[in-house]
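Chain by chain, the residues run as shown.
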Amino acid sequence: MKDEQFMRVWNDGHDHFSADITRGLHWFATPFRRLGEWIALPSAPGEDSVFTRAVARCSVRPRRAR
């Protein structure tokens, strides 16, 4: 009987619980998304990316795709 009551309460509140979890994950991920947009400056087509230029400044030879 208690199992049935638990399942009914769970089913009644599950939508609210899922919405809270989703909202919390979006809140947690937003600063990281903004940081990524700030770090990844756009580059023109054919131009080296920001990361490639940073690697070159550090005297690290980038790996080439085979």
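Residues numbered from 1 in each chain as written. Predicted model: local features only at pLDDT ≥ 70, side-chain atom pairs only at ≥ 80, totals over all residues. Heavy atoms only, no water.

Asks: I'd like a description of the overall build of the protein, backed by residues and values.
Replies: Counting its secondary structure elements, the protein contains two helices and zero strands. Relative to its 66 residues, the protein shows a buried fraction of 2%. By element, 61% of the accessible surface of the protein is carried by carbon and sulfur atoms, the whole surface being about 6,800 Å². (Helix = DSSP H or I, 4+ residues; strand = E, 2+ residues; numbered from the N terminus. Buried < 20%, exposed > 50% of the residue type's maximum accessible area, 1.4 Å probe, protein only. Areas by Shrake-Rupley, 256 points an atom, 1.4 Å probe, with all protein chains shown as cover.)

Asks: Got a sec to walk through the pattern of salt bridges? Specific residues and values, please.
Replies: All chains considered together, the criterion is met by two salt bridges. In this structure, Arg8 engages Glu4 in a salt bridge whose closest nitrogen and oxygen atoms are separated by 2.6 Å. In this pair, Arg8 and Glu4 both sit in helix 1 (residues 2–39), four residues apart, roughly one turn of the helix. (Salt bridge = Lys/Arg side-chain N within 4 Å of Asp/Glu carboxyl O.)

Asks: I'd like a description of helix 1, backed by residues and values.
Replies: Side chains three or four residues apart in an α-helix point the same way, a direct result of the helix having 3.6 residues per turn. For helix 1, built from 38 residues, the straight-helix expectation of 56 Å at 1.5 Å per residue is met to within 8% by its first-to-last C-alpha distance of 53 Å. Of all the bends found along helix 1, the most pronounced is centred on Gly13 and spans about 50°. (Expected span 1.5 Å × (residues − 1). Bend = angle between axes of the 7 residues up to and from the residue.)

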